[in-house]
Amino acid sequence: MNRILLPALLLLTACAQGNPEIKGVQSFKYSGGDHRTGRLTYAQRPPVGGPHHPVWQNCGVYDRPLYDEHAVHSLEHGAVWITYQPGLDTGEVAQLREAVQGRPYTLLSPYEAQPSPIVLSAWNKQLTLTSASDPRIPAFIQKYEQGGEAPEIGAPCSGGYGETA
């Protein structure tokens, strides 16, 4: 009996590790493709989906806030947007910069009026954190950068809008 159970347990463990749940991730339900111009109002701050500007935000590191409408379009393309409260300790911001360094589908920027010091957002997903050393940061990026529920995975995250708000 153990010869049958052991391989089954190993298979279940491997499957669970391939797509582990990340504690604290909130889920939402938005569909993509709704392009609009002008300023938009979002239910979440920062937003995790919904109508957005026709031009996406270029992925990268920014030291000023971004327009929600452009950043949401990048989320639709499979980007992860990491935001932090202005005034966050410079050491914490440096750790966040390290987390996104060399990743082509990430955004990093300060964000006014968000619910916690650090927020990770992907299309339909969000995780609020208090520390840049939280081990869920790399797990969230790994799972949702070019993954998850983004409607246009593989669409560009460069060649779009490169300015700040």
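Residues numbered from 1 in each chain as written. Predicted model: local features only at pLDDT ≥ 70, side-chain atom pairs only at ≥ 80, totals over all residues. Heavy atoms only, no water.

## A closer look at the side chain of Q126
Inference 1: Mapped onto the elements of the fold, Q126 is located in strand β6 (residues 125-129).
Inference 2: A polar side-chain atom of Q126 sits 2.8 Å from the main-chain carbonyl oxygen of P46.
Inference 3: When near neighbours in sequence (up to four residues on either side) are disregarded, Q126 contacts G24, V25, Q26, F28, Q44, P46, V48, V119, L120, S121 and F140. (Helix = DSSP H or I, 4+ residues; strand = E, 2+ residues; numbered from the N terminus. Polar contact = N/O pair within 3.5 Å; in protein donor to acceptor, adjacent residues only side chain to side chain. Contact = heavy atoms within 4.5 Å.)

## Observations regarding the confidence of the model for the chain
Inference 1: On average, residues of the chain carry a pLDDT of 90, and 88% of them reach 70 or more.
Inference 2: Contacts from residues 1-17, a stretch scored under 50 in pLDDT, to residues over four places away or in other chains number one contact. (pLDDT = per-residue confidence, 0-100.)

## Regarding the nonpolar core
Across soluble globular proteins, nonpolar side chains show a tendency to be buried alongside one another.
Inference 1: Core analysis: the biggest nonpolar cluster contains 19 residues, and I82, L96, I118, L120 and F140 have the highest contact counts within it.
Inference 2: Counting only elements with at least two residues in this core, the list comes to β3 (80-84), α3 (90-100), β5 (118-122), β6 and α4 (136-144).
Inference 3: Ranked by residue count, the leading element in this core is α4, at four residues.
Inference 4: When neighbours within four sequence positions are excluded, I82 is seen to be in contact with L96, V100, L107, L108, S109, I118, V119, L120, I137 and I141.
Inference 5: Grouped together as the second largest cluster of nonpolar side chains are 16 residues, A71, V72, L107 and A150 included. (Core = buried A, V, L, I, M, F, W, Y, C linked by side-chain atoms within 4.5 Å. Buried < 20%, exposed > 50% of the residue type's maximum accessible area, 1.4 Å probe, protein only.)

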